[in-house]
Amino acid sequence: MDIKNQDWPNLKMCRDYPILQKSFTIKEMDLYERQLKEYIEMDEITDTYLSDVPRIVCWYEGLINTEMLLMEMKDYVFL
């Protein structure tokens, strides 16, 4: 499957989307899209959620920049 033909609507709205497309696999992009969608659709953000916020949400909210996200995720192993 070609990553260019995939659709991640929430990620696609972000300024650095082309960088993400070049840096991550389809599986990783699918995971980030699911995490972002879950966050966006939350009615209330709980303390439990805040104790382990996905890094893609931190990036989306501007708490970390794209370069930092890429450096952190490079060391993360996806199962």
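Residues numbered from 1 in each chain as written. Predicted model: local features only at pLDDT ≥ 70, side-chain atom pairs only at ≥ 80, totals over all residues. Heavy atoms only, no water.

Quick word on the confidence of the model for the protein chain
- Looking at the protein chain as a whole, the pLDDT averages 89, with 87% of positions reaching at least 70.
- Of all helices and strands in the protein chain, the one with the weakest mean pLDDT is helix α6 (residues 66-74) (89), whereas helix α3 (residues 26-41) scores best (96). (pLDDT = per-residue confidence, 0-100. Helix = DSSP H or I, 4+ residues; strand = E, 2+ residues; numbered from the N terminus.)

Quick look at a nonpolar patch on the surface
- Residues M13, I40 and Y60 make up a contiguous nonpolar surface patch of roughly 290 Å² in combined accessible area.
- When you line up the elements, Y60 lands in helix α5 (residues 55-60). (Patch = residues over 30% accessible without salt bridge, like charges linked within 9 Å, V, L, I, M, F, W, Y side chains within 5 Å. Areas by Shrake-Rupley, 256 points an atom, 1.4 Å probe, with all protein chains shown as cover. Salt bridge = Lys/Arg side-chain N within 4 Å of Asp/Glu carboxyl O.)

Structural notes on the pattern of salt bridges
- As enumerated under the stated definition, the model contains 4 salt bridges in all.
- Taking the shortest distance from any N to any O, the salt bridge between R15 and D16 comes out at 3.5 Å.
- A residue is classified by how much of its surface remains accessible, and R15, at 75% relative accessible area, is exposed.
- You can call D16 buried: its relative accessible area is 15%.
- The partner of R55 in a salt bridge is E72, with the nearest N and O atoms 2.6 Å apart. (Buried < 20%, exposed > 50% of the residue type's maximum accessible area, 1.4 Å probe, protein only.)

Considering the environment of V57
- Here V57 is to be found in helix α5.
- Along the chain, V57 and I40 lie 17 residues apart, while their C-alpha atoms are 9.1 Å from each other.

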